[in-house]
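Fold and contact review
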Amino acid sequence: MKTVRLGRTGMEVSPLCLGTMTFGWSADKATSFSIMDAAVEAGITFFDTADIYSFWIDGNSGGESETIIGEWLKGKDRRRVVIATKVRGRMWAGPNGEGLSRVHIIQAVEDSLRRLQTDYIDLYQTHWYDENTPLEETLSAFDALVSSGKVRYIGASNHPAWRLTKSLWASDVHNYVRYESLQPHHSLLHRREFETELADLCMDQNMGVIPYSPLAAGFLTGKYTRENRSSDMAQQARGTARALLDNNVAFDVLDAVHEIASEHNVPVAQVALAWQMSKPFVTAPIIGARTVEQFTEVVGAVDVTLTDDEITMLDAVSEGF
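What you see is a predicted model, and the numbers here were worked out from it, not measured in a lab.

**Examining the side chain of His185**
Tracing the backbone shows His185 in the loop between strand E8 (179-183) and helix H6 (192-195). The exposure class of His185 is buried, given its relative accessible area of 12%. Dropping the residues within four chain positions of it, His185 is found in contact with His190, Glu193, Phe194, Tyr212, Ser213 and Thr240.

As structure tokens, then:
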């Protein structure tokens with residue numbers, strides 16, 4: 001599988017990124033190992049996680065996903081994979097247990113390195129911004145981590161354009177390392193939040209873009225239909241997909257994706273991902289899976305090439321999102 005550059009950096013990544021939020025949650029350790037094995041075999045060597053995954057599950061406290069990745073990495077060639085993780089959420093009780101202060105970042109990176117069983121993180125990302133900490137404090141902490149070799153590059157997630165612009169300006173003025181990538185919420189059914197301002201900003205600043213939820217929490221896999229919008233289905237659907245079940249225009253988008261998928265004889269999800277990968281501002285969409293079968297269903301998207309007419313059709317039908 002061909003690799004792509006992450007923005008202006010020299011780091012090569014696979015054109016799809018394996019999201020690992022399910023690890024230690026809806027995918028147990030054995031299944032998570034199998035998914036990572038399948039990913040590497042398919043040429044997907046870019047893994048994304050976060051320190052807080054998955055604290056929201058009873059019995060978990062955060063760090064479960066990183067721990068599973070670290071155990072899988074043991075005995076393997078670390079150079080074969082690019083590991084991205086995130087910092088910001090609460091990881092311990094008491095003062096400095098969350099946020100982007102220097103004290104939290106310095107402790108959090110050591111904890112992530114220990115769980116991942118590695119001595120460096122390829123891409124260390126702010127999970128969302130911290131309005132209570134000066135940008136200069138956050139960026140100077142990251143600068144120290146890059147200088148020390150514990151982190152190679154830094155990225156941002158869930159940043160509005162104004163905040164990302166301020167961050168880039170602060171890095172430029174103070175000669176700190178800067179955010180080299182953005183992880184935004186983006187899909188055929190969630191376009192305006194990123195495309196209104198952030199897409200142009202990322203293109204102008206040559207930033208890598210790693211969209212999360214590219215399949216709209218499973219809605220764009222085709223498992224939901226107009227005919228079956230029962231209360232049981234609504235209960236099973238996660239937030240984004242649940243909200244879309246009552247949106248007839250969302251099903252118009254899904255109908256168009258179905259039509260194109262039929263022409264290419266591929267699963268619906270692959271068309272949704274292929275549309276995203278056709279965009280010049282996208283580096284590598286993040287795909288998640290609870291099973292190897294789910295992973296296998298979507299990974300073929302890298303081999304799907306949509307025509308200009310198909311891209312235009314999908315652009316038009318989804319423009320309201």
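Here the narrative resumes.
**Some points on the environment of Ser213**
Among the secondary structure elements, Ser213 is positioned in the loop between strand E9 (208-209) and helix H8 (231-236). Each C-alpha atom, one on Ser213 and one on Ile260, is 21 Å from the other, the two residues being 47 residues apart in sequence. Sequence-distant contacts of Ser213, that is, excluding residues within four places in its chain, are made with His185, His186 and Ser187.

**Details of the pairing of strand E7 (residues 151-157)**
Burial analysis of E7 places 5 of its 7 residues in the buried class, the great majority of the element. Taken together, the 5 bridges between strand E6 (residues 121-126) and E7 define a ladder with parallel strand orientation. Looking across to E7, one finds that Thr126 is bridged to Ala156. The parallel pair E6 and E7, bridged by helix H4 (residues 135-148), forms a crossover whose chirality is right-handed. Note: E7 against E8, 3 bridges, orientation parallel. Paired with Ala156 across the bridge in E8 is Leu182.

**A word on the layout of surface pockets**
Approximately 370 Å³ is the volume found for the second largest pocket. Lining the second largest pocket are 18 residues, with Val4, Pro15, Met277, Ser278 and Val302 positioned closest to its centre. Listing elements by their share of the lining of the second largest pocket, those giving two or more residues are strand E1 (4-5) and helix H11 (268-277). Across the lining of the second largest pocket, the residue classes break down as 12 nonpolar, 4 polar and 2 charged.

**Here's the deal with the packing of helix H10 (residues 248-264) against H11**
When two helices pack together, their arrangement is given by the angle between the helix axes and the distance between those axes. Taken N-terminus to C-terminus, the directions of H10 and H11 make an angle of 100°; their axes are 8 Å apart at the nearest point. One element, H10, and the other, H11, form an angle in the roughly perpendicular class. In contact with Leu254, Val257, His258, Ile260 and Ala261 of H10, H11 contributes Val268, Val271 and Ala272. Its residues placed into classes, the contact of H10 with H11 shows 7 nonpolar, 1 polar and no charged.

**Regarding the pairing of E8**
With 5 of 5 residues buried, E8 is to be regarded as a mostly interior element. Where E8 meets E9, 2 bridges bridge the pair, whose relative direction is parallel. Bridged to Ser181 within E9 is Gly208.

**Some words on empty space enclosed by the protein**
Under the criterion given, the structure shown has 1 cavity of 30 Å³ or more. If you add up the space inside the largest cavity, you get close to 60 Å³. As for the largest cavity, its lining consists of Leu100, Tyr129, Asp130, Thr133, Pro134, Leu135, Thr138, His159, Arg163, Ser167 and Tyr179. The set of elements that each furnish at least two residues to the lining of the largest cavity consists of H4 and helix H5 (161-174). Classifying every residue of the lining of the largest cavity gives 5 nonpolar, 4 polar and 2 charged.

**Here's the deal with the sheet that holds E6**
Spatially, the 8 strands line up as an open sheet ordered E9-E8-E7-E6-E5-E4-E3-E10, and their pairing is parallel. Both outer strands of the open sheet, E9 and strand E10 (286-288), are each paired with one neighbouring strand and no more. Where strand E5 (residues 82-87) lies against E6, 4 bridges are found, and the strand directions are parallel. Paired with Thr85 across the strands is Tyr124, a residue of E6. Set on the sheet, helix H3 (residues 102-116) makes contact with E5, E6 and E7; between it and E6 the angle comes to about 135°.

**Describing the side chain of Gln270**
Relative to the assigned elements, Gln270 resides in helix H11. Residue classification places Gln270 among the buried residues on the basis of a relative accessible area of 8%. Engagement of the side chain of Gln270 in a polar contact is seen with the backbone oxygen of Glu297, the distance being 2.9 Å. Aside from chain neighbours lying at most four places away, what touches Gln270 is Glu297, Val298, Gly300, Ala301 and Val304.

Definitions and limits used
Residues numbered from 1 in each chain as written. Predicted model: local features only at pLDDT ≥ 70, side-chain atom pairs only at ≥ 80, totals over all residues. Heavy atoms only, no water. Helix = DSSP H or I, 4+ residues; strand = E, 2+ residues; numbered from the N terminus. Buried < 20%, exposed > 50% of the residue type's maximum accessible area, 1.4 Å probe, protein only. Contact = heavy atoms within 4.5 Å. Pairing = 2+ DSSP bridges. Right-handed = clockwise from strand over helix to strand, strands pointing away. 1 Å grid on protein atoms, 1.4 Å probe; cavity = no way out; pocket = protein on both sides within 12 Å on 5 of 7 lines; lining within 4 Å. Points joined across faces, edges and corners; volume = space filled by probe spheres on them. Nonpolar A, V, L, I, M, F, W, Y, C, P; charged D, E, K, R; others polar. Axes fitted to C-alpha atoms, helices over the stretch in contact; angles between N-to-C directions. Parallel < 35°, antiparallel > 145°, perpendicular 65-115°, else oblique. Polar contact = N/O pair within 3.5 Å; in protein donor to acceptor, adjacent residues only side chain to side chain.

The analysis is restricted to geometry; functional conclusions fall outside its scope.
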